[in-house]
Amino acid sequence: RRHGLWFRLRKLILWLLGMYIAIPFLVKLCPAIQAKLVFLNFVRVPYFIDLKRPQDQGLNHTCNYYLQPEEDVTIGVWHTVPAALWKNARGKDQLWFEEALGSSHAVILYLHGNAGTRGGDHRVELYKVLSSLGYHVVTFDYRGWGDSVGSPSERGMTYDALHVFDWIKARSGDNPVYIWGHSLGTGVATNLVRRLCERETPPDALILESPFTNIREEARSHPFSIYRYFPGFDWFFLDPITTSGIKFANDENVKYISCSLLILHAEDDPVVPFHLGKKLYNIAATSRSFRDYKVQFVPFHTDLGYRHKYIYRSPELPRILREFLGKSEHEHHH
(Lines give C-alpha, C1' and ligand atoms only; values in the text may rest on other atoms or scores of the structure.)
Protein backbone atom coordinates (compact mmCIF):
# COMPACT_ATOMS: atom_id res chain seq x y z
CA ARG A 1 0.00 0.00 0.00
CA ARG A 2 2.80 2.30 0.91
CA HIS A 3 4.35 1.60 -2.46
CA GLY A 4 1.04 2.46 -4.22
CA LEU A 5 0.73 5.74 -2.29
CA TRP A 6 4.27 6.74 -3.20
CA PHE A 7 3.57 5.92 -6.84
CA ARG A 8 0.43 8.09 -6.85
CA LEU A 9 2.23 10.96 -5.14
CA ARG A 10 5.07 10.80 -7.64
CA LYS A 11 2.55 10.84 -10.50
CA LEU A 12 0.89 13.93 -8.99
CA ILE A 13 4.22 15.73 -8.55
CA LEU A 14 5.22 14.97 -12.15
CA TRP A 15 1.80 16.14 -13.40
CA LEU A 16 2.06 19.43 -11.45
CA LEU A 17 5.59 19.96 -12.69
CA GLY A 18 4.47 19.27 -16.26
CA MET A 19 1.63 21.80 -15.88
CA TYR A 20 4.00 24.38 -14.35
CA ILE A 21 6.31 24.05 -17.35
CA ALA A 22 3.49 23.88 -19.93
CA ILE A 23 1.65 27.04 -18.81
CA PRO A 24 4.33 29.55 -19.94
CA PHE A 25 4.36 27.98 -23.42
CA LEU A 26 0.56 28.08 -23.54
CA VAL A 27 0.54 31.78 -22.60
CA LYS A 28 3.25 32.53 -25.18
CA LEU A 29 1.28 30.75 -27.92
CA CYS A 30 -2.00 32.36 -26.95
CA PRO A 31 -1.51 35.97 -25.70
CA ALA A 32 -5.29 36.33 -25.25
CA ILE A 33 -4.96 34.24 -22.07
CA GLN A 34 -2.65 36.85 -20.57
CA ALA A 35 -5.02 39.66 -21.62
CA LYS A 36 -7.86 37.87 -19.84
CA LEU A 37 -5.73 37.61 -16.69
CA VAL A 38 -5.02 41.35 -16.79
CA PHE A 39 -8.68 42.33 -17.24
CA LEU A 40 -10.38 39.54 -15.22
CA ASN A 41 -13.63 40.94 -16.64
CA PHE A 42 -15.17 37.44 -16.52
CA VAL A 43 -15.01 37.50 -12.71
CA ARG A 44 -18.39 38.96 -11.80
CA VAL A 45 -18.31 39.30 -8.03
CA PRO A 46 -20.76 39.78 -6.30
CA TYR A 47 -22.66 37.37 -8.58
CA PHE A 48 -26.29 37.81 -7.78
CA ILE A 49 -26.78 41.52 -8.05
CA ASP A 50 -29.02 43.26 -10.54
CA LEU A 51 -26.99 46.18 -11.91
CA LYS A 52 -30.21 47.84 -13.06
CA ARG A 53 -31.16 48.23 -9.39
CA PRO A 54 -28.41 50.16 -7.55
CA GLN A 55 -30.89 50.68 -4.70
CA ASP A 56 -30.40 46.99 -3.80
CA GLN A 57 -26.82 47.95 -2.82
CA GLY A 58 -28.08 50.70 -0.53
CA LEU A 59 -27.68 53.40 -3.20
CA ASN A 60 -31.16 54.95 -3.00
CA HIS A 61 -30.05 58.15 -4.72
CA THR A 62 -28.51 56.48 -7.77
CA CYS A 63 -29.78 56.17 -11.33
CA ASN A 64 -28.73 53.45 -13.79
CA TYR A 65 -28.15 54.60 -17.40
CA TYR A 66 -26.93 52.98 -20.61
CA LEU A 67 -24.70 54.94 -22.96
CA GLN A 68 -23.37 54.02 -26.39
CA PRO A 69 -19.76 55.08 -27.02
CA GLU A 70 -19.57 53.22 -30.35
CA GLU A 71 -21.97 51.40 -32.64
CA ASP A 72 -21.67 47.90 -31.16
CA VAL A 73 -20.84 49.01 -27.63
CA THR A 74 -23.25 49.74 -24.78
CA ILE A 75 -22.02 50.57 -21.29
CA GLY A 76 -23.88 50.51 -17.98
CA VAL A 77 -23.47 53.68 -15.89
CA TRP A 78 -24.41 54.58 -12.31
CA HIS A 79 -24.90 58.19 -11.26
CA THR A 80 -25.10 58.85 -7.52
CA VAL A 81 -26.12 62.38 -6.53
CA PRO A 82 -24.66 64.21 -3.51
CA ALA A 83 -26.25 63.14 -0.21
CA ALA A 84 -27.79 66.62 0.13
CA LEU A 85 -30.03 65.85 -2.89
CA TRP A 86 -31.00 62.42 -1.54
CA LYS A 87 -34.59 63.29 -0.60
CA ASN A 88 -35.28 65.07 -3.91
CA ALA A 89 -33.84 62.15 -5.88
CA ARG A 90 -36.39 59.58 -4.70
CA GLY A 91 -38.55 58.27 -7.51
CA LYS A 92 -37.02 60.62 -10.06
CA ASP A 93 -36.31 59.63 -13.68
CA GLN A 94 -33.13 59.71 -15.72
CA LEU A 95 -33.80 63.23 -17.02
CA TRP A 96 -33.94 64.64 -13.47
CA PHE A 97 -30.61 62.97 -12.64
CA GLU A 98 -28.97 64.29 -15.81
CA GLU A 99 -30.17 67.83 -15.05
CA ALA A 100 -28.91 67.46 -11.46
CA LEU A 101 -25.35 67.36 -12.82
CA GLY A 102 -25.79 71.08 -13.47
CA SER A 103 -26.47 71.79 -9.77
CA SER A 104 -23.55 73.47 -8.04
CA HIS A 105 -21.73 70.32 -6.93
CA ALA A 106 -18.45 68.94 -8.26
CA VAL A 107 -18.53 65.62 -10.16
CA ILE A 108 -16.19 62.66 -9.70
CA LEU A 109 -15.83 60.20 -12.59
CA TYR A 110 -14.74 56.92 -10.97
CA LEU A 111 -12.82 54.34 -13.05
CA HIS A 112 -12.75 50.96 -11.34
CA GLY A 113 -10.05 48.28 -11.44
CA ASN A 114 -10.14 44.80 -12.98
CA ALA A 115 -12.59 42.03 -11.97
CA GLY A 116 -16.07 42.60 -10.62
CA THR A 117 -18.47 45.34 -11.67
CA ARG A 118 -19.55 48.87 -10.76
CA GLY A 119 -21.57 47.15 -8.00
CA GLY A 120 -18.51 45.74 -6.17
CA ASP A 121 -18.72 46.16 -2.39
CA HIS A 122 -15.66 48.38 -1.83
CA ARG A 123 -16.67 50.50 -4.84
CA VAL A 124 -20.19 51.04 -3.52
CA GLU A 125 -18.77 52.03 -0.12
CA LEU A 126 -16.54 54.64 -1.78
CA TYR A 127 -19.49 56.10 -3.75
CA LYS A 128 -21.33 56.52 -0.44
CA VAL A 129 -18.36 58.31 1.14
CA LEU A 130 -17.94 60.65 -1.85
CA SER A 131 -21.68 61.35 -2.03
CA SER A 132 -21.72 62.22 1.68
CA LEU A 133 -18.91 64.72 0.99
CA GLY A 134 -21.13 66.51 -1.54
CA TYR A 135 -19.93 65.05 -4.85
CA HIS A 136 -21.85 63.59 -7.75
CA VAL A 137 -20.29 60.19 -8.50
CA VAL A 138 -20.53 58.82 -12.03
CA THR A 139 -19.11 55.33 -12.58
CA PHE A 140 -19.51 52.69 -15.26
CA ASP A 141 -18.49 49.24 -16.42
CA TYR A 142 -16.09 49.22 -19.36
CA ARG A 143 -17.13 47.24 -22.45
CA GLY A 144 -17.02 43.53 -21.55
CA TRP A 145 -17.51 44.12 -17.79
CA GLY A 146 -20.77 43.73 -15.87
CA ASP A 147 -23.75 44.24 -18.18
CA SER A 148 -21.76 46.35 -20.67
CA VAL A 149 -21.58 45.00 -24.21
CA GLY A 150 -18.35 44.68 -26.22
CA SER A 151 -14.95 43.07 -25.81
CA PRO A 152 -12.31 44.54 -23.53
CA SER A 153 -9.16 46.25 -24.76
CA GLU A 154 -7.07 49.10 -23.41
CA ARG A 155 -8.10 51.31 -26.32
CA GLY A 156 -11.78 50.47 -25.81
CA MET A 157 -11.69 51.13 -22.04
CA THR A 158 -10.04 54.51 -22.62
CA TYR A 159 -12.58 55.40 -25.28
CA ASP A 160 -15.48 54.46 -22.98
CA ALA A 161 -14.02 56.71 -20.26
CA LEU A 162 -13.63 59.58 -22.76
CA HIS A 163 -17.23 59.15 -23.86
CA VAL A 164 -18.54 59.29 -20.28
CA PHE A 165 -16.33 62.30 -19.47
CA ASP A 166 -17.71 64.22 -22.48
CA TRP A 167 -21.25 63.17 -21.53
CA ILE A 168 -20.71 64.60 -18.01
CA LYS A 169 -19.14 67.83 -19.33
CA ALA A 170 -22.10 68.40 -21.64
CA ARG A 171 -24.37 68.48 -18.55
CA SER A 172 -22.27 69.77 -15.65
CA GLY A 173 -21.90 73.42 -16.68
CA ASP A 174 -19.00 75.12 -14.91
CA ASN A 175 -18.84 72.58 -12.07
CA PRO A 176 -15.44 70.99 -11.50
CA VAL A 177 -15.03 67.44 -12.83
CA TYR A 178 -12.44 65.20 -11.15
CA ILE A 179 -11.22 61.82 -12.34
CA TRP A 180 -10.56 59.03 -9.82
CA GLY A 181 -8.93 55.78 -10.94
CA HIS A 182 -8.31 52.73 -8.77
CA SER A 183 -5.79 49.95 -9.51
CA LEU A 184 -6.11 48.97 -13.21
CA GLY A 185 -8.46 51.97 -13.49
CA THR A 186 -5.45 54.24 -12.84
CA GLY A 187 -4.14 53.09 -16.22
CA VAL A 188 -7.43 54.08 -17.87
CA ALA A 189 -7.41 57.36 -15.91
CA THR A 190 -3.95 58.49 -17.04
CA ASN A 191 -4.69 57.43 -20.64
CA LEU A 192 -7.86 59.53 -20.49
CA VAL A 193 -6.33 62.58 -18.80
CA ARG A 194 -3.36 62.58 -21.15
CA ARG A 195 -5.81 62.71 -24.08
CA LEU A 196 -7.85 65.44 -22.40
CA CYS A 197 -4.73 67.54 -21.78
CA GLU A 198 -3.60 67.04 -25.38
CA ARG A 199 -6.92 68.39 -26.67
CA GLU A 200 -6.76 71.18 -24.05
CA THR A 201 -9.82 70.14 -21.99
CA PRO A 202 -8.10 68.86 -18.83
CA PRO A 203 -10.15 67.74 -15.83
CA ASP A 204 -9.94 69.81 -12.64
CA ALA A 205 -7.89 67.15 -10.86
CA LEU A 206 -6.75 63.54 -11.10
CA ILE A 207 -6.82 61.11 -8.16
CA LEU A 208 -4.98 57.80 -8.44
CA GLU A 209 -5.67 55.17 -5.77
CA SER A 210 -3.20 52.25 -5.58
CA PRO A 211 -1.54 53.04 -8.94
CA PHE A 212 1.35 51.24 -10.65
CA THR A 213 3.97 52.57 -13.08
CA ASN A 214 3.08 50.41 -16.09
CA ILE A 215 1.49 47.01 -16.61
CA ARG A 216 4.80 45.16 -17.13
CA GLU A 217 6.22 46.33 -13.80
CA GLU A 218 2.91 45.58 -12.09
CA ALA A 219 2.79 42.04 -13.57
CA ARG A 220 6.39 41.43 -12.55
CA SER A 221 5.75 42.33 -8.91
CA HIS A 222 2.22 40.93 -8.63
CA PRO A 223 1.91 38.47 -5.71
CA PHE A 224 0.33 35.81 -7.95
CA SER A 225 3.34 35.87 -10.18
CA ILE A 226 4.70 32.44 -9.18
CA TYR A 227 6.78 32.47 -12.35
CA ARG A 228 8.78 35.60 -11.74
CA TYR A 229 11.98 33.55 -11.15
CA PHE A 230 11.21 31.29 -14.11
CA PRO A 231 13.91 31.55 -16.83
CA GLY A 232 12.63 33.79 -19.61
CA PHE A 233 9.79 35.23 -17.47
CA ASP A 234 9.64 38.45 -19.51
CA TRP A 235 9.58 36.62 -22.82
CA PHE A 236 6.93 34.11 -21.71
CA PHE A 237 4.67 36.36 -19.66
CA LEU A 238 5.29 40.06 -20.17
CA ASP A 239 5.86 40.16 -23.93
CA PRO A 240 2.43 38.58 -24.64
CA ILE A 241 0.79 41.42 -22.64
CA THR A 242 2.59 43.96 -24.82
CA THR A 243 1.72 41.93 -27.95
CA SER A 244 -1.96 42.19 -26.95
CA GLY A 245 -1.60 45.98 -27.04
CA ILE A 246 -1.82 46.37 -23.26
CA LYS A 247 0.56 48.97 -21.80
CA PHE A 248 -1.28 51.12 -19.24
CA ALA A 249 1.82 53.30 -19.12
CA ASN A 250 1.08 55.59 -16.16
CA ASP A 251 4.78 56.48 -15.94
CA GLU A 252 4.78 57.74 -19.56
CA ASN A 253 1.36 59.41 -19.35
CA VAL A 254 2.15 61.57 -16.33
CA LYS A 255 4.76 63.40 -18.40
CA TYR A 256 1.94 64.77 -20.58
CA ILE A 257 -0.60 65.59 -17.87
CA SER A 258 -1.18 69.12 -16.61
CA CYS A 259 -3.69 69.22 -13.75
CA SER A 260 -3.48 68.63 -9.99
CA LEU A 261 -2.57 65.05 -9.05
CA LEU A 262 -3.24 63.19 -5.81
CA ILE A 263 -1.89 59.66 -5.24
CA LEU A 264 -3.28 57.49 -2.42
CA HIS A 265 -1.55 54.20 -1.56
CA ALA A 266 -1.60 51.79 1.39
CA GLU A 267 1.79 50.48 2.51
CA ASP A 268 0.34 46.97 2.97
CA ASP A 269 -1.18 46.77 -0.53
CA PRO A 270 -0.69 43.10 -1.56
CA VAL A 271 -1.82 43.60 -5.19
CA VAL A 272 -0.06 46.75 -6.39
CA PRO A 273 3.11 47.11 -4.31
CA PHE A 274 3.44 50.42 -2.47
CA HIS A 275 6.85 51.10 -4.04
CA LEU A 276 5.25 51.34 -7.52
CA GLY A 277 2.88 54.09 -6.36
CA LYS A 278 5.80 55.93 -4.77
CA LYS A 279 7.87 55.52 -7.93
CA LEU A 280 5.05 56.96 -10.04
CA TYR A 281 4.80 59.93 -7.66
CA ASN A 282 8.55 60.59 -8.02
CA ILE A 283 8.23 60.58 -11.82
CA ALA A 284 5.25 62.95 -11.72
CA ALA A 285 6.73 65.28 -9.10
CA THR A 286 9.81 65.93 -11.25
CA SER A 287 7.89 66.16 -14.55
CA ARG A 288 7.79 69.56 -16.23
CA SER A 289 4.10 69.16 -17.11
CA PHE A 290 3.16 69.48 -13.41
CA ARG A 291 5.24 72.63 -12.92
CA ASP A 292 2.21 74.81 -12.13
CA TYR A 293 0.14 72.13 -10.41
CA LYS A 294 -0.01 70.42 -7.08
CA VAL A 295 1.30 66.83 -6.92
CA GLN A 296 0.64 65.08 -3.62
CA PHE A 297 1.35 61.57 -2.31
CA VAL A 298 -0.56 60.25 0.72
CA PRO A 299 0.63 56.95 2.19
CA PHE A 300 -1.52 54.90 4.60
CA HIS A 301 0.41 53.04 7.29
CA THR A 302 0.46 49.23 7.30
CA ASP A 303 -1.12 49.16 10.78
CA LEU A 304 -4.35 50.61 9.33
CA GLY A 305 -4.87 47.46 7.26
CA TYR A 306 -6.37 49.24 4.20
CA ARG A 307 -4.51 46.92 1.82
CA HIS A 308 -5.57 47.24 -1.83
CA LYS A 309 -9.14 48.47 -1.67
CA TYR A 310 -10.13 49.77 1.74
CA ILE A 311 -8.72 53.30 1.72
CA TYR A 312 -12.35 54.52 1.68
CA ARG A 313 -12.46 53.49 5.37
CA SER A 314 -9.91 56.13 6.34
CA PRO A 315 -11.41 58.75 8.67
CA GLU A 316 -8.74 61.08 7.23
CA LEU A 317 -10.02 60.77 3.65
CA PRO A 318 -12.63 63.59 3.83
CA ARG A 319 -9.99 66.02 5.12
CA ILE A 320 -7.40 64.90 2.53
CA LEU A 321 -9.90 65.42 -0.31
CA ARG A 322 -11.20 68.72 1.05
CA GLU A 323 -7.71 70.16 1.33
CA PHE A 324 -6.54 68.82 -2.03
CA LEU A 325 -9.68 69.50 -4.09
CA GLY A 326 -10.38 72.77 -2.30
CA LYS A 327 -7.07 73.99 -3.69
CA SER A 328 -7.74 72.75 -7.19
CA GLU A 329 -11.22 74.35 -7.11
CA HIS A 330 -9.41 77.53 -6.17
CA GLU A 331 -7.17 77.08 -9.24
CA HIS A 332 -10.27 76.32 -11.30
CA HIS A 333 -11.90 79.65 -10.51
CA HIS A 334 -8.83 81.78 -11.13
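Residues numbered from 1 in each chain as written. Predicted model: local features only at pLDDT ≥ 70, side-chain atom pairs only at ≥ 80, totals over all residues. Heavy atoms only, no water.

## Observations concerning the packing of aromatic side chains
For any pair of aromatic rings, the description consists of the separation of the ring centres together with the inter-plane angle of the planes. Throughout the structure, instances matching the rule amount to 14 aromatic pairs. Relative to phenylalanine 236, the ring of tryptophan 235 has its centre 5.1 Å away and its plane inclined at 75 degrees; by these criteria the two rings are edge-to-face. The class of phenylalanine 236 is buried, set by a relative accessible area of 8%. Among the aromatic residues, those joined into a cluster by ring pairs are Phe39, Phe140, Tyr142 and Trp145. A cation over an aromatic ring shows up here: arginine 194 above the ring of tyrosine 256, its NZ or CZ 3.8 Å from the ring centre. (Phe/Tyr/Trp six-rings, centres within 6.5 Å; stacked < 30°, edge-to-face > 60°. Buried < 20%, exposed > 50% of the residue type's maximum accessible area, 1.4 Å probe, protein only. Lys NZ or Arg CZ within 6 Å of the ring centre and 35° of its normal.)

## Some remarks on the UniProt feature "domain: AB hydrolase-1" (unreviewed entry) in the chain
Those places that UniProt annotates as "domain: AB hydrolase-1" (unreviewed entry) correspond, in this numbering, to residues 107–211. Helix makes up 41% of residues 107–211 and strand 20%. Its end C-alpha atoms lie 21 Å apart. (UniProt positions renumbered as here; feature names shortened; annotations may be inferred. Helix = DSSP H or I, 4+ residues; strand = E, 2+ residues; numbered from the N terminus.)

## Examining the state of the cysteines
Between two cysteines, a covalent bond joining their sulfur atoms is known as a disulfide. Applying the stated rule across the entire model yields zero disulfides. Cysteine 259 supplies the cysteine sulfur nearest to cysteine 197, a cysteine that is in no disulfide, at a spacing of 5.2 Å. (Disulfide = S-S within 2.5 Å.)

## Looking at the side chain of arginine 123
For arginine 123, the position within the fold is in helix α5 (residues 121–132). Contact partners of arginine 123, with chain neighbours within four places excluded, come to Tyr110, His112, Gly113, Asn114, Ala115, Gly116, Thr117 and Arg118. (Contact = heavy atoms within 4.5 Å.)

## Some words on helix α11 (residues 274–285)
For α11, which comprises 12 residues, the first-to-last C-alpha distance of 17 Å matches the rise-based estimate of 16 Å (1.5 Å per residue) to within 8%. Within the span of α11, buried status applies to Leu276, Gly277, Leu280, Tyr281 and Ala284. Taken around the axis of α11, the buried residues stretch over an arc of 140 degrees, which confines them to a single face. (Expected span 1.5 Å × (residues − 1). Arc of directions from axis to C-beta.)

## A look at the nonpolar core
Core analysis: the largest hydrophobic core is formed by 66 residues, its most contacted members being Phe39, Leu109, Leu111, Phe140, Ile179, Leu206 and Phe248. If sequence neighbours within four positions are ignored, isoleucine 179 has contacts with Leu109, Leu111, Phe165, Ala189, Leu192, Val193, Leu196, Pro203, Ala205, Leu206 and Ile207. Judged by nonpolar contacts, the second largest core, of 29 residues, contains Leu130, Val137, Ala205 and Leu262. (Core = buried A, V, L, I, M, F, W, Y, C linked by side-chain atoms within 4.5 Å.)

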